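The chain contents come next:
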Amino acid sequence: MSDPKTDVLKKTPTDHEIHDLIKNRWSPRAFADTPVSDTDLQSLFEAGRWAASSNNWQPWNIVWGKKGSEAYDRIMNVLVEFNQGWAKNAPVLMLGVFDKKTPDGKDNFHALHDLGQFSANMAIQAQSMGIAIHQMAGLDHEKALKEFKFPDTYHVATAIAAGYYGGEVSDVPEDLQKEEKSERKRKKQDEFVFNGDYVQRADVSES
Ligand SMILES: Cc1cc2nc3c(=O)[nH]c(=O)nc-3n(C[C@H](O)[C@H](O)[C@H](O)COP(=O)(O)O)c2cc1C
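Fair warning: this is a prediction, and the values are worked out from it, not measured in the lab.

Draft legend 1. Representation of the packing of aromatic side chains within the structure. Under the definition given, this model contains 5 aromatic pairs. Aromatic pair Phe45 and Trp64: ring centres 6.4 Å apart, planes at 45 degrees, arrangement tilted. On the criterion of sequence distance, the pair formed by Phe45 in helix H2 (residues 38-49) and Trp64 in strand S1 (residues 60-66) is long-range, its members being 19 residues apart. Note that Arg29 overlies the ring of Trp86, its terminal NZ or CZ placed 5.6 Å from the centroid.

Below, the structure written as structure tokens:
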């Protein structure tokens, strides 16, 4: 297992020390041709499986398909056109789905949070294997729910493209190519970390 090689790293100007697996993760729109094996996928799902969740209800569900399969085409079919334009580069597509209800039928207000934790675990596991994941909100949520026969109490929150880092930038639609190489940006900590009352700032940065 290894972190991706330097040629697939993006400039990530961290302000404090963090683990390389977190620092070096980013969301590409091009992927290497290297196949993602079933064993690789099982490791990703296993990492997600061990995420924390409210009451250990584990409200997450994952639908997946490898390129060339019917499942892949069905997932591709529920993405918005913008995402279809680049997600076709991904050897694997997934949907992240959660059950909106607790086992006793009440609203589970933490289910989306828990699916997020699943995805974050999966992303870091993937990073340790040289695999990138790129999450997407741009999909037809209702169509996806029906397409994969989930009950109405479920919500298809995200689609996820996955594949080994190292794709060709030229495979990405032209207007998005610059982003494959651009420096990553984040808000400064003092915009969202408070050792006391929330303080609204007038001078918040753009990203
Ligand atoms: C929940 C979620 C939804 C996203 N939706 C999309 C999307 O529909 N299309 C897309 O190209 N990127 C999408 N992204 C990727 C973000 O734009 C990306 O994570 C963000 O710009 C930070 O970049 P980084 O992941 O490379 O650090 C999404 C990411 C998340 C976590």
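Read on for the rest.
Draft legend 2. Broad picture of the environment of Phe109. Examined against the element boundaries, Phe109 turns out to sit in the loop between strand S2 (92-99) and helix H5 (111-128). For Phe109, a relative accessible area of 71% corresponds to the exposed category. When the C-alpha atoms of Phe109 and Ile124 are compared, they prove to be 25 Å apart, with 15 residues separating the residues in sequence.

Draft legend 3. Focus on the sheet that holds S2. The strand order S1-S2-S4-S3 describes an open sheet built from 4 strands, whose pairing is antiparallel. Sheet topology places S1 and strand S3 (131-136) at the edges, where each strand pairs with a single neighbour. The mean angle between the axes of side-by-side strands here comes to 25 degrees, regardless of whether they run parallel or antiparallel. With 8 bridges joining them, S2 and strand S4 (residues 154-164) adopt antiparallel strand pairing. Bridge assignment links Phe98 to a residue of S4, and that residue is His155. Packed onto the sheet, H2 meets S1, S2, S3 and S4 and runs at close to 165 degrees relative to S1.

Draft legend 4. Structural view of the nonpolar core. Counting residues in hydrophobic clusters, the biggest one holds 30 residues, and the most contacted among them are Leu93, Leu95, Met136 and Leu139. Looking at this core, the elements that each hand over two or more residues are helix H3 (70-76), helix H4 (81-87), S2, S3, helix H6 (141-147) and S4. Among residues more than four places away in sequence, those in contact with Leu95 are Asn61, Ile62, Val63, Ile75, Val78, Leu139, Ala144, Phe148, Val156, Thr158 and Ala159. Counting residues in hydrophobic clusters, the runner-up holds 23 residues, among them Phe98, Ala111, Met122 and Ala123.

Draft legend 5. Spotlight on the side chain of Asp114. Note on placement: Asp114 falls in helix H5. With no salt bridge to any partner, buried Asp114 finds its closest opposite charge in Arg49, at an N-O distance of 15 Å. Setting aside its immediate chain neighbours within four residues, Asp114 contacts Ala52, Ser53, Ser54, Pro59 and Trp60.

The rules behind the values
Residues numbered from 1 in each chain as written. Predicted model: local features only at pLDDT ≥ 70, side-chain atom pairs only at ≥ 80, totals over all residues. Heavy atoms only, no water. Phe/Tyr/Trp six-rings, centres within 6.5 Å; stacked < 30°, edge-to-face > 60°. Helix = DSSP H or I, 4+ residues; strand = E, 2+ residues; numbered from the N terminus. Lys NZ or Arg CZ within 6 Å of the ring centre and 35° of its normal. Buried < 20%, exposed > 50% of the residue type's maximum accessible area, 1.4 Å probe, protein only. Pairing = 2+ DSSP bridges. Axes fitted to C-alpha atoms, helices over the stretch in contact; angles between N-to-C directions. Contact = heavy atoms within 4.5 Å. Core = buried A, V, L, I, M, F, W, Y, C linked by side-chain atoms within 4.5 Å. Lys, Arg positive; Asp, Glu negative; His and termini not counted. Salt bridge = Lys/Arg side-chain N within 4 Å of Asp/Glu carboxyl O.

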